[in-house]
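Here's the letter readout for the chains.
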Amino acid sequence: MKKFFLSFLLIGLFSLPLISQSEFIRISTDDIDLVIRVAPQSKRVYQAYLGDKLMNESEFKALSFSLKGGSEGSVSARGWEVYPASGAEDFFEPAFAIQHNDGNMTSIFRYVSHEVNKIDDNVTETVINLKDDVYPVNVKLVYHTFGKENIIKTWTEINHTEKKPVTISRYASSMLYFESPAYYLTEFSGDWAMEARMSTQQLQFGKKILETKLGSRAAMHVSPFFQVGLGQPAQEQQGTVVLGTLAWSGNFQFTFEVDNSSNLRIISGINPYASNYELKPKENFVTPEFIFTISKDGTSKASRNFHTWARNYQLKDGKGDRLTLLNNWEATQFNFDEDKLVDIMGEARMLGVDMFLLDDGWFGNKYPREKATTTLGDWDVTKDKLPHGIPFLVEKAKENGVKFGIWIEPEMISPESELIEKHPDWAIRLPNREPYYYRSQLVLDMSNPKVQDFVFGVVDNIMSENPDVAFLKWDCNSPITNIYSPYLKTKQNQLYIDHNRGVVNVFKRVNEKYPDLPMMLCAGGGGRCDYESLKYFTEFWCSDNTDPIERIYIQWGFSQFFPAKSMDAHVTSWNRRTSIKFRVDVAMMCKMGFDIRTHEMSETDQKFCQQAVADYKRLKPVILDGDQYRLVSPYETNHMSVMYANEEKTKAVLFSYDIHPRMGEKTMSVKLQGLDPDKKYKIEEINLIPERKSNMRGNGETFSGDFLMKIGLNVFTTGQTNSRVIEITAE
Ligand code: GLA
């Protein structure tokens, strides 16, 4: 009996989560509080507060006086309900909608219990269990808080025990409410080669929706993230901002609704478009993670929250190193053979990069991949072109002292391929209409487990034959067209969701079998960049547009959410009017690579690149793992500047770019950030063209952090496309 009691006590101490019955559930990071209130009688659950951390929990009770907290009684149950469903008292966009077995379309969720689990010193999980008391439908709201990084990650889980399947037509990951005199939304929209363009608008009564219906390569027109400025447009260094993103690479939807009381409601989740989902009894529908932060010091700080969190918790090998590389896509397109590739490997060696990356065009025999219109699906090496296969290329790379990486696009199928001849029912396409092709290809039906096995096999075969392959570039060039899954038959409504879940399943399997294999996420550029995929990928290709001027804006845009080490930037021949130095300097602020024939460069340019690679490798720990400070915006000036500082504040790297300065423009000095005011720092311009000296004032001198942060450095010039890289070292 004693023993039983002791073990009961021990279990109680170590594994039972804290179950509390209090009126308020506090979900917090170091600087943010999300306070959820359970109305004592009705047990309806409300967002009572979201914002700056509150000092006194004892004052929470005052939060229940406001309408937001909802009070008892039928009419006044309206309020900021955390998971409002359609058919209840709220007249605005619901987070959840269902049709029950009896045809009824309402739900009202009430509190059942909640648990708080401390995952470690920094991470806490809060799970709130809700239940409809009329129908057997349950919703679990899950919150993970990352204390130091001030990030909250939240999602929902939905299940039921009705007799037959129910249909859910809304299934948000999160619903948040804000109260402010005005709301300004910054979106990141564009298209191929113009990704993540930032634009801001004031939100007025009614809805603004950011969403995609593309299915795959889903973020081609708009990225799955947003910023909201409370009271004023989001700014870099000041003001309260909310940054949010959905970890889902399929159709997403963010709804921003300003209601009759001028409050803002933000609903984030899978886009329910054409996706009424049939949920079987006891099946658990898990929504994607919605991840957000709030900063009262502008977007610069909020982005750093995301960067640090991603490196610490979400990004594949977030703390690990990254490989510099030479890619052959821009350099050769489909036009290469073994000799040319071996030549390029020699150029990789000359540059001093870590790896050679073989791009599109290496596969297919019945239909060799000589152009973008054929062969996807036939992942056997083209014998005519590469008679000695991939193992030979891996060997040649080794001889050149570089690693070998390879491009695949395994979720796709070409209408001219052996795969479609063998498995016509594996492609997503309509059985009774003329197909419509995007980039002359179709999307494989990833809702079909057999197709998932095939796609996993594409990677597995390459890796089994070539265990030394050191990198994969995983492309996805087409949205889903001709929406019909031969596999799902009468359940076409589930295609968008099940397809995407199938894709993620394969990502997971690949990652489980090859946990140390670095992988680049690519979708015709930045058409896929979300924090679910990035659990399985070390980095993503921001854009096919490598014109350094365009890249300054694109990289500025993506840096709002993603750390530099996840953002691939290559030096190419796009915009040859700019110097090689400008192109290198722009790539160097992210994860640098090359995609250019160096034998076409002058000897001086080659030497410059060699030196730049060596410097980059030396400074990678600061650029890729340091804190990023965006100092001067290309959207607001004719210049751009960004810097990185290590945690100890002993080393920093500053980048500055003159884009299109005006005649006689007064250039302002750039005030640095993230340094120690009391430390002395040596300033040194690096990445100079060989034989040229720096003409920057203060070069080679030593200044205090205080001076550099208050007075700054005169790094800008009035020349078009000039740039500088400054190394800053504490003495
Ligand atoms: C996409 C990618 C490019 C390249 C080509 C190959 O467009 O974004 O980098 O790999 O496919 O076809």
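Residues numbered from 1 in each chain as written. Predicted model: local features only at pLDDT ≥ 70, side-chain atom pairs only at ≥ 80, totals over all residues. Heavy atoms only, no water.

Student: Describe the packing of helix H7 (residues 449-465) against helix H8 (residues 495-513), listing the residues and the values that go with them.
Tutor: Contact geometry for H7 and H8: axes closest at 9 Å, N-to-C directions at 35 degrees. Between H7 and H8 lies a crossing whose hand is right-handed. Facing H7, whose interface residues are Gln452, Asp453, Val455, Phe456, Val459 and Asp460, H8 presents Gly502, Asn505, Val506, Arg509, Val510 and Lys513. (Axes fitted to C-alpha atoms, helices over the stretch in contact; angles between N-to-C directions. Helix = DSSP H or I, 4+ residues; strand = E, 2+ residues; numbered from the N terminus. Left-handed = near helix turned anticlockwise from the far one by under 90°. Contact = heavy atoms within 4.5 Å.)

Student: How would you sum up the sheet that holds strand S29 (residues 567-571)? Please name residues and give values.
Tutor: With respect to topology, eight strands assemble into a closed barrel ordered S21-S22-S23-S26-S27-S28-S29-S30, the strand pairing being parallel. Between one strand axis and the next, the sheet turns by 30 degrees as a mean value, whatever way the strands run. Where strand S23 (residues 403-408) lies against strand S26 (residues 469-474), five bridges are found, and the strand directions are parallel. Each residue of the ladder has a partner; that of Ile406, found in S26, is Leu472. The strands that helix H9 (residues 548-558) touches are strand S28 (539-541) and S29; relative to S29, the one it contacts most, it runs at about 170 degrees. (Pairing = 2+ DSSP bridges.)

Student: Could you give an account of helix H10 (residues 580-588), naming the residues involved and the relevant values?
Tutor: With nine of nine residues buried, H10 lies mostly within the body of the structure. Those residues of H10 lying buried are Ile580, Lys581, Phe582, Arg583, Val584, Asp585, Val586, Ala587 and Met588. (Buried < 20%, exposed > 50% of the residue type's maximum accessible area, 1.4 Å probe, protein only.)

Student: Tell me what's going on with empty space enclosed by the protein, and back it up with residues and numbers.
Tutor: Overall, the coordinates contain six cavities of 30 Å³ or more when judged by the stated rule. Along the walls of the largest cavity sit 14 residues, with Val82, Tyr143, Thr154, Ser174 and Met175 positioned nearest its centre. Every element with two or more residues in the lining of the largest cavity is listed here: strand S3 (32-38), strand S8 (137-146), strand S9 (151-160) and strand S10 (166-179). Sorting elements by how many residues they give to the lining of the largest cavity places S10 first, with four residues. Taken together, the residues of the lining of the largest cavity sort by class into nine nonpolar, five polar and no charged. Quantified by volume, the second largest cavity comes out at close to 90 Å³. Looking at the second largest cavity, it is lined by 13 residues, and the ones nearest its centre are Arg170, Ala172, Gln253, Ile267 and Pro272. (1 Å grid on protein atoms, 1.4 Å probe; cavity = no way out; pocket = protein on both sides within 12 Å on 5 of 7 lines; lining within 4 Å. Points joined across faces, edges and corners; volume = space filled by probe spheres on them. Nonpolar A, V, L, I, M, F, W, Y, C, P; charged D, E, K, R; others polar.)

Student: Explain the site of the ligand residue by residue, including any values.
Tutor: Close contacts around the ligand come from 13 residues, with Asp359, Asp360, Lys473, Asp475 and Asp544 the closest. Within the contact set of the ligand, an oxygen atom lies 2.6 Å away from a side-chain nitrogen or oxygen of Asp360. At a separation of 2.7 Å, an oxygen atom of the ligand approaches a polar side-chain atom of Lys473. Burial of the ligand by the protein amounts to 96% of the accessible area it has alone, namely 300 Å². (Near = heavy atom within 4 Å. Polar contact = N/O pair within 3.5 Å; in protein donor to acceptor, adjacent residues only side chain to side chain. Areas by Shrake-Rupley, 256 points an atom, 1.4 Å probe, with all protein chains shown as cover.)

Student: Kindly report on the domain arrangement of the chain, identifying the contributing residues and their values.
Tutor: Taken domain by domain, the chain comprises domain 1 (2-314), domain 2 (329-517) and domain 3 (629-730). A separation of 42 Å is found between the C-alpha centroids of domain 2 and domain 3. (Domains from an automatic or database assignment.)

Student: Tell me about the environment of Met592, and please be specific about residues and values.
Tutor: Note on placement: Met592 falls in strand S30 (residues 591-594). For Met592, a relative accessible area of 0% translates into the label buried.

Student: So what's going on with the pattern of salt bridges? Residues and values would help.
Tutor: Tallied over the full model, the rule gives 43 salt bridges. Notably, a salt bridge pairs Arg528 with Glu411, separated by 2.7 Å at the nearest N-O pair. Of this pair, Arg528 sits in the loop between strand S27 (519-521) and S28 while Glu411 sits in the loop between S23 and strand S24 (412-413), and the two are 117 residues apart along the sequence. A relative accessible area of 2% places Arg528 in the buried class. Look at Glu411 and you get buried, because its relative accessible area is 0%. What you see here is one network of salt bridges that share partners, running through Asp317, Arg322, Glu539, Asp568 and Lys591. (Salt bridge = Lys/Arg side-chain N within 4 Å of Asp/Glu carboxyl O.)

Student: How would you explain the packing of H9 against H10 if you had to name every residue and give the values?
Tutor: For the pair H9 and H10, the least separation of the axes is 10 Å and the interaxial angle reads 15 degrees. As the angle between them shows, H9 and H10 are arranged roughly parallel. In this structure, the crossing between H9 and H10 has a hand that is left-handed. Of the residues in H10, those in contact with Pro548, Ile549, Arg551, Ile552 and Gln555 of H9 are Phe582, Arg583 and Val586. Class assignment for the residues of the contact of H9 with H10 results in five nonpolar, one polar and two charged. (Parallel < 35°, antiparallel > 145°, perpendicular 65-115°, else oblique.)

Student: Which residues make up the nonpolar core, and what values go with them?
Tutor: Counting 125 residues, the largest nonpolar core has Trp362, Phe404 and Phe594 as the members making the most contacts within it. Filtering out sequence-adjacent residues up to four positions away, Phe404 remains in contact with Met345, Met355, Phe356, Leu358, Ile390, Leu393, Val394, Ala397, Asp468, Val469, Ala470 and Phe471. Formed by 60 residues, the second largest nonpolar core is a distinct cluster that contains Val38, Tyr135, Leu185 and Phe256. (Core = buried A, V, L, I, M, F, W, Y, C linked by side-chain atoms within 4.5 Å.)

Student: An account of unusual backbone geometry is requested, with residue identities and associated values reported.
Tutor: Unlike most non-glycine residues, Ser440 shows phi in positive territory, near 55 degrees. Following the sequence through the fold, Ser440 ends up in the loop between helix H6 (418-422) and strand S25 (442-443). Of note in the backbone geometry, Lys489 takes a positive phi value of approximately 50 degrees without being a glycine. Mapped onto the elements, Lys489 comes out in the loop between S26 and H8.

Student: Tell me about the environment of Glu338, residues and numbers included.
Tutor: With respect to the secondary-structure elements, Glu338 resides in helix H4 (residues 338-351). Between the C-alpha atom of Glu338 and that of Leu386, which follows or precedes it by 48 residues, the distance is 5.7 Å. Not counting chain neighbours up to four residues away, the residues in contact with Glu338 comprise Lys385, Leu386, Pro387, His388, Gly389, Phe392 and Leu393.

Student: Account for the side chain of Ser86, with residues named and values stated.
Tutor: Locating Ser86 in the fold gives a position in the loop between strand S4 (45-52) and strand S5 (96-99). Of note is the side chain of Ser86, whose polar atom sits 3.4 Å from the backbone oxygen of Met105. Those residues in contact with Ser86, other than ones at most four positions away along the chain, are Pro94, Phe96, Ala97, Ile98, Met105, Thr106 and Ser107.

Student: So what about the pairing of strand S16 (residues 252-258)? Which residues, and what values?
Tutor: Across the seven residues that make up S16, a large majority, seven, are buried. On S16, burial covers both faces: Phe252, Phe254, Phe256 and Val258 on one face and Gln253, Thr255 and Glu257 on the other are all buried. For strand S13 (residues 206-211) and S16, the ladder comprises six bridges, and the chain directions are antiparallel. Bridge assignment links Ile209 to a residue of S16, and that residue is Thr255.

Student: Let's hear about a negative patch on the surface: which residues, and what values?
Tutor: Residues Asp30, Asp31, Asp52 and Asp297 make up a contiguous surface patch of negative charge. Mapped onto the elements of the fold, Asp31 is located in the loop between strand S2 (24-28) and S3. (Patch = residues over 30% accessible without salt bridge, like charges linked within 9 Å, V, L, I, M, F, W, Y side chains within 5 Å. Lys, Arg positive; Asp, Glu negative; His and termini not counted. Charge placed at Lys NZ, Arg CZ, Asp CG, Glu CD.)

Student: Describe the layout of surface pockets, and please don't skip the residues or the numbers.
Tutor: Considering only enclosed or pocket space, the largest pocket measures out at about 490 Å³ in volume. Among the secondary structure elements, those contributing two or more residues to the lining of the largest pocket are strand S18 (277-279), strand S19 (285-286) and H8. Examining the composition of the lining of the largest pocket, we find that five residues originate from one element, H8, more than from any other. Of the residues belonging to the lining of the largest pocket, the class tally is eight nonpolar, four polar and ten charged.

Student: Residue-level account of the packing of aromatic side chains, with values.
Tutor: For the structure on display, the rule yields 46 aromatic pairs. Between Phe225 and Phe562, the ring centres sit 5.6 Å apart and the planes meet at 75 degrees, which makes this aromatic pair edge-to-face. With Phe225 in strand S14 (residues 225-230) and Phe562 in the loop between H9 and S29, this residue pair connects regions lying 337 residues apart in the sequence. Relative accessible area serves as the criterion here: at 0%, Phe225 is assigned to the buried category. With a centroid separation of 5.4 Å and an interplanar angle of 90 degrees, the aromatic rings of Tyr553 and Tyr635 are classed as edge-to-face. With Tyr553 in helix H9 and Tyr635 in the loop between strand S31 (627-632) and strand S32 (639-645), the pair connects residues that are 82 residues apart, well separated along the chain. Given the relative accessible area of 34%, Tyr635 is considered partly exposed. The positively charged end of Lys213 is found above the aromatic ring belonging to Tyr273, 5.1 Å away from the centroid. (Phe/Tyr/Trp six-rings, centres within 6.5 Å; stacked < 30°, edge-to-face > 60°. Lys NZ or Arg CZ within 6 Å of the ring centre and 35° of its normal.)

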